[in-house]
Amino acid sequence: MTQIITRSVPATQATLQQQGIAPLMARLYAARGIVDAAEVDYGLKGLLPYHTLKNIQPMAQRLADAIAARQRLLVVADYDADGATACSVAVKGLSALGAVIDFIVPNRFEYGYGLTPEIVALAAQSQPDIIITVDNGIASVAGVAAATARGIEVLITDHHLPGDVLPAALIVNPNQPDCPFPSKNLAGVGVMFYVLMALRAEMRMRGCFASQPEPNLGELLDLVALGTVADVVRLDRNNRILVDNGLRRMRAGRMAPGIAALFRVAGRMAYKANAFDLGFTIGPRLNAAGRLDDMSLGIACLLARDEAQALALAQELDKLNRERRSIEHGMQDEALAVLASIDAEQRYTLTLYRDDWHQGVVGIVASRLKEKFHRPAIVFAPGDEGEIKGSGRSIAGFHLRDALDLVYKRHPDLILKFGGHAMAAGLTIAEARFEEFAAAFEAVARQLLDSSTLTRTLETDGQLSGRELSLAMAETLAAEVWGQGFAAPTFHDDFYVVSQRVVGDKHLKLRLEKDGVQCDGMLFNQVEWLPQSINAVYQLAANEWQGRKELQIYIQHWRMPGQA
């Protein structure tokens, strides 16, 4: 069952209209918590000041000293898109400021996550004076100790939640205890960008730019935007400023050759880049390297200096992404076949494992199952000998990390290790205890969830008038920064189905009419024909094909008109 509700804050909408915002945009902004027009001014002057980040001044001073002394810096990156962009921002930014710098990124299948002692041993081969972590490190107590024992200093930049004990290192992380930085939603790449701003200011104060040009850190904002959107952090105003300015650079053609090449191989046009492109087209191609191979390939693409090199690397990433999709689709079909013998509606959780599934794709499959069945889902694949590794995705109202913690406390030897947050988490268990874990997880979910939570709720922005149902409105909406915590607009309306046909053997291509206005529509992954009249939840899109632009709507859900 799916419940449809309308987001609406009429009083705030009226206030925003009085401040000069157009009626529909005022309605959308009000429903997303915007109370003043200044909140959708995305000029860089609106960025939160860096000095409120705990330890950022001491870190800037330490890095300035290291640059002056020509000490060797080594970035240790995470293996996802946020880690890759954060690494690229660190390498580009610190190089521009005069640093001697290199990077390594651990292979997830060999070394796992974070600055582990094994990673430190690998890093030590490069003989760095300082290790700088990006998008990891806040939980690396043992890794920092191992580095210290080798005489290597560690500087940590991260955004993840800390554990009970912090590493003995200088840390910049808005989520560490006693950090007054107002936004706790910076991605790892955003934290690194802030460190560079503080470092440049420190070097400016020291007179370092008297004989050399001061680097323009704004040139890194395309990378910051990509990492921020791809990591699905909440797009509060500060993050929207970073993303909006990065997108503007892309649309103006002033982006890194690697990002331009990723747009090209994806068949997307950078001159109309939007957050959807970053999250669902460019980001997945970058992430494919970390999921199936080695993220150093992705970082090399982002750091490429010329178009030819960047294009060759982007084509490799695109090939990996096609392979990732093939593995994902195969695993998803197998998972659905398993679920066909189970009444998923009678279950509160979905927990699946096969010994031939790929560890790098389990999170994506869990996400697909969660979306299809609206149940918390955990999918496992083989890990180390005798162990399996799972990745889970959750639904609103069920804190996945806390649920795993409850399983751990009730069955202390069942989960070997786990971590994550409300909507996503990872864990390791013994293969022989899979069924026991599945039962324990289901029991916890039955305690914490109820039938109302398991009812899918679609929030929409109401109906559109015939005048608002237009190509111009689709283009206006595409230019805004939408994403996690600032949802892209969806609407629901009654439509008359003028015509329909199956395309690509699995999608419906529609011609729809409302209030005398006709437009094309797409309903993906359905071949059964629709009735003559439908009530649809949909998004607007500006479709461009062979030089022509036209309005198209993407249907997310449909039902009979008047159906509850």
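Here the structure is a predicted model, which is why all the values come from computation and not from measurement.

Thresholds, definitions, all that
Counting of residues starts from 1 at the beginning of each chain's written sequence and follows it residue by residue. This being a predicted model, a pLDDT of at least 70 is required before a residue's local features are given, and a value of 80 or more before pairs of side-chain atoms are given or counted; all residues contribute to the totals for chains, interfaces and linings. Each side-chain value is derived from all of the structure's non-hydrogen atoms; neither hydrogens nor water enter the calculation. By the criteria applied, helices consist of DSSP H or I runs no shorter than four residues and strands consist of E runs no shorter than two, each listed in order from the N terminus. Note that the radius of gyration is over C-alpha atoms, with the globule rule given as 2.2 Å times the number of residues to the power 0.38. A simple rule labels every residue: compare its accessible area, found with a 1.4 Å probe on the protein chains alone, to the largest value its type can have, and call it buried under 20%, exposed over 50%, or partly exposed in between. We call two residues in contact when some of their heavy atoms are within 4.5 Å. All accessible-area figures derive from a Shrake-Rupley calculation using a 1.4 Å probe, and residue coverage is judged against the displayed protein chains alone. Whether two strands pair comes down to DSSP finding at least two bridges between them. Here the axes come from fitting lines to C-alpha atoms, over the contacting stretch only for helices, and the angles between their N-to-C directions go from 0 to 180 degrees. Here the term patch refers to residues with relative accessible area over 30% and no salt bridge, with like charges joined within 9 Å and nonpolar side chains (Val, Leu, Ile, Met, Phe, Trp, Tyr) within 5 Å. We define a salt bridge as a contact between a side-chain nitrogen of Lys or Arg and a carboxyl oxygen of Asp or Glu at a distance within 4 Å. Polar contacts here mean pairs of N or O atoms no more than 3.5 Å apart (in protein, one a potential hydrogen donor and the other a potential acceptor; neighbouring residues in sequence count only if both atoms are side-chain atoms). Given the number of residues in a helix, its expected span is that number minus one, multiplied by 1.5 Å. Only buried Ala, Val, Leu, Ile, Met, Phe, Trp, Tyr and Cys residues count toward a nonpolar core, and they belong to the same one when joined by side-chain atoms within 4.5 Å. Note that a disulfide, as used here, is simply two cysteine sulfur atoms within 2.5 Å.

Trainee: How do you make sense of the overall build of the protein chain when you look at a structure like this?
Mentor: When helices and strands are tallied, the protein chain shows 18 helices and 17 strands. Computed over its C-alpha atoms, the radius of gyration of the protein chain comes to 24 Å, within 12% of the 24 Å expected for a compact globule of 564 residues. In terms of overall dimensions, the protein chain has a C-alpha envelope of 75 × 60 × 45 Å along the principal axes. Looking at the protein chain as a whole, 54% of its 564 residues are labelled buried. Considering only residue pairs separated by 6 or more positions, the protein chain has 66% of its internal contacts joining residues 24 or more positions apart. Accessible surface for the protein chain amounts to roughly 24300 Å². Of this, 50% is attributable to carbon and sulfur atoms.

Trainee: Before we go on, may I ask you to explain the sheet that holds strand E4 (residues 130–134) in this structure?
Mentor: Sheet strands associate in pairs through backbone hydrogen bonding, adopting either a parallel or an antiparallel arrangement. If you walk across this open sheet you meet the 5 strands as E3-E2-E4-E5-E6, and the pairing is parallel. Every other strand in the sheet has two partners, leaving strand E3 (100–104) and strand E6 (170–172) as the edge strands with one partner each. Averaged over all pairs of adjacent strands, the angle between strand axes in this sheet comes to 20°, irrespective of strand direction. Two strands pair when backbone bridges link them, and strand E2 (residues 72–77) and E3 are joined in this way by 5 bridges, in the parallel orientation. Residue pairing in the sheet places leucine 74 in a bridge with aspartate 102 of E3. Relative to the sheet, helix H8 (residues 188–205) contacts E4, strand E5 (153–157) and E6, its axis offset from that of E5 by approximately 115°.

Trainee: In this structure, what is going on with a nonpolar patch on the surface? I would like to understand it.
Mentor: A surface patch of nonpolar side chains, amounting to about 290 Å² of accessible area, comprises Val502, Val527 and Trp529. Among the secondary structure elements, valine 502 is positioned in strand E13 (residues 491–503). In this structure valine 502 comes out as partly exposed when scored by relative accessible area, which is 37%.

Trainee: Any chance you could explain unusual backbone geometry here in plain terms?
Mentor: Only a minority of non-glycine residues have a phi that is not negative, and only a minority of peptide bonds are not trans. Despite not being glycine, histidine 374 shows a phi value in the positive range, around 55°. Looking at the element boundaries, histidine 374 is found in the loop between helix H15 (362–373) and strand E8 (377–382). Even without being glycine, asparagine 525 reaches a positive phi, approximately 60°. You can see asparagine 525 is positioned in the loop between strand E15 (517–523) and strand E16 (533–545).

Trainee: Teacher, can you tell me more about the environment of asparagine 55 here?
Mentor: Residue placement: asparagine 55 occurs in the loop between helix H2 (23–31) and helix H3 (56–68). By relative accessible area, which is 24% here, asparagine 55 ends up partly exposed. Taking the C-alpha atoms as reference, asparagine 55 lies 6.4 Å from isoleucine 171; in sequence the two are 116 residues apart. Apart from the residues lying within four places of it in its own chain, the contact partners of asparagine 55 are Leu170, Ile171, Val172 and Gln176. Here the side chain of asparagine 55 touches isoleucine 171 through a polar contact of 2.8 Å, landing on its backbone oxygen.

Trainee: Which parts of the structure should I look at to understand the environment of leucine 477?
Mentor: With respect to the element layout, leucine 477 can be found in helix H18 (residues 471–478). Accessibility expressed as a relative area gives 6% for leucine 477, which makes it buried. The residues touching leucine 477, leaving out its near neighbours within four places in the chain, are Met25, Leu28, Trp482, Pro489, Phe491 and Leu540.

Trainee: Is there a simple way to explain helix H14 (residues 307–339) in this structure?
Mentor: Because an α-helix completes one turn every 3.6 residues, residues spaced three or four positions apart along the sequence face the same direction. Over its 33 residues, H14 runs 46 Å from end to end, which matches the ideal 48 Å to within 8%, given 1.5 Å per residue. At the N-terminal boundary of H14, the capping side chain belongs to aspartate 306, with an oxygen 3.2 Å from the backbone nitrogen of alanine 308.

Trainee: Honestly, helix H4 (residues 81–96) in this entry has me stumped. Any pointers?
Mentor: Relative to the 22 Å expected for 16 residues at 1.5 Å per residue, H4 spans 22 Å between its end C-alpha atoms, a close match to the ideal helical length. One or two steps after H4, the chain reaches glycine 98, where phi turns positive at roughly 100°.

Trainee: I would appreciate a short explanation of the nonpolar core in the present structure.
Mentor: In globular proteins that are soluble, nonpolar side chains generally tend to be buried together. Counting residues in each nonpolar core, the largest one holds 145 residues, and the members touching the most others are Leu94, Leu369 and Leu540. Considering each element in turn, this core owes the most residues, 11 residues, to H8. Not counting residues within four places of it along the chain, the set of residues in contact with leucine 94 comprises Leu73, Val89, Ala99, Ile101, Ile132, Met192, Leu196 and Leu199. If you look at the next biggest cluster of nonpolar residues, it comprises 24 residues, including Leu400, Leu427, Phe441 and Leu449.

Trainee: Can you walk me through the side chain of serine 88 in this structure?
Mentor: Structurally, the position occupied by serine 88 is in helix H4. Here serine 88 falls in the buried class, since its relative accessible area comes to 0%. Residues in contact with serine 88, not counting those within four places in the same chain, are Leu223, Ile299, Leu302 and Leu303.

Trainee: Before we go on, may I ask you to explain the pattern of salt bridges in this structure?
Mentor: Where side chains of opposite charge bring their charged atoms close, a pairing between them can arise. Taken as a whole and assessed by the stated rule, the structure comprises 29 salt bridges. Residue glutamate 214 is joined to arginine 200 by a salt bridge in which the shortest nitrogen-to-oxygen separation is 3.9 Å. Of this pair, glutamate 214 sits in the loop between H8 and helix H9 (221–230) while arginine 200 sits in helix H8, and the two are 14 residues apart along the sequence. Classification of glutamate 214 by relative accessible area gives partly exposed; the value is 35%. One salt-bridge network, held together by shared partners, links Arg7, Arg32, Glu459 and Asp461.

Trainee: I would appreciate a short explanation of the pairing of strand E11 (residues 424–430) in the present structure.
Mentor: Of all 7 residues making up E11, 5 are buried, and the element is well covered by its neighbours. As defined by bridge partners, strand E9 (residues 387–393) adjoins E11 across 7 bridges and the pair is classed as antiparallel. If you follow glutamate 387 over to E11, its bridge partner there is alanine 430. Judged from the 5 bridges that link them, strand E10 (residues 415–420) and E11 form a sheet pairing that is antiparallel.

Trainee: Could you clarify how one ought to interpret the state of the cysteines in this entry?
Mentor: Within the structure shown, the criterion is met by 0 disulfides. Between cysteine 301, a free cysteine, and cysteine 87, which holds the nearest cysteine sulfur, the sulfur-to-sulfur gap is 13 Å. Judged by its relative accessible area of 0%, cysteine 301 falls in the buried class.

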